[in-house]
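Residue strings, one per chain:
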Amino acid sequence: MKNGVYNILKARFLVNDDAFKNWRFIVFIIILAIIMIANTQRYEQKVFKIVALTNEVKELRSEFVDRRSELMKLKMESTVSKKMEEKQIFPATVPPIKIKIVKKEEKNFFQKIWQ
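Residues numbered from 1 in each chain as written. Predicted model: local features only at pLDDT ≥ 70, side-chain atom pairs only at ≥ 80, totals over all residues. Heavy atoms only, no water.

The protein chain goes by S-adenosyl-methyltransferase in an unreviewed UniProt entry, where it is assigned to Flavobacterium erciyesense.

Here you go:
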């Protein structure tokens, strides 16, 4: 057992007659390690991008809510009337009158139905 450990420490398995098999396996392991490192790097980049996009969505959502509440305040009748009073335009005291136009053809059609 002492010789086995000593041979591994001296790396004799790399210079023996059948070392070609060992070298192929070592190269294979190195390639797998490089692929794993690259894959982990890409994964972390995507995680950082997802976090950044999530924060941006939260900011945009809060900005949307702020703008919507601001719009609701601006659309209120009291706000509009105050803005118009500054320009010397006051709300009407007489309610609007609804104008209804009936075409003759429709009038005749409805008269026939009701008769």
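(A) Representation of the packing of helix H2 (residues 19-75) against helix H3 (residues 77-86) in the model. It is at 5 Å that the axes of H2 and H3 come closest, and there the two elements cross at 60°. Judged on the interaxial angle alone, H3 and H2 are oblique. Residues Lys73, Leu74 and Lys75 of H2 lie in contact with H3, whose contacting residues are Glu77, Thr79 and Val80. When its residues are assigned to classes, the contact of H2 with H3 shows two nonpolar, one polar and three charged. (Axes fitted to C-alpha atoms, helices over the stretch in contact; angles between N-to-C directions. Helix = DSSP H or I, 4+ residues; strand = E, 2+ residues; numbered from the N terminus. Parallel < 35°, antiparallel > 145°, perpendicular 65-115°, else oblique. Contact = heavy atoms within 4.5 Å. Nonpolar A, V, L, I, M, F, W, Y, C, P; charged D, E, K, R; others polar.)

(B) Inspection of the pattern of salt bridges at higher detail. Scanning the model with the defined rule gives two salt bridges in all. Residues Glu63 and Arg67 are paired through a salt bridge, measuring 3.9 Å at the closest nitrogen-oxygen approach. Within this pair, Glu63 and its partner Arg67 are both found in helix H2, separated by four residues, close to a single helical turn. Residue classification places Glu63 among the partly exposed positions, given a relative accessible area of 38%. As a salt-bridge pair, Arg67 and Glu70 come within 3.9 Å of each other at their nearest N and O atoms. Of this pair, Arg67 and Glu70 are both found in helix H2, three residues apart, which corresponds to roughly one turn of the helix. (Salt bridge = Lys/Arg side-chain N within 4 Å of Asp/Glu carboxyl O. Buried < 20%, exposed > 50% of the residue type's maximum accessible area, 1.4 Å probe, protein only.)

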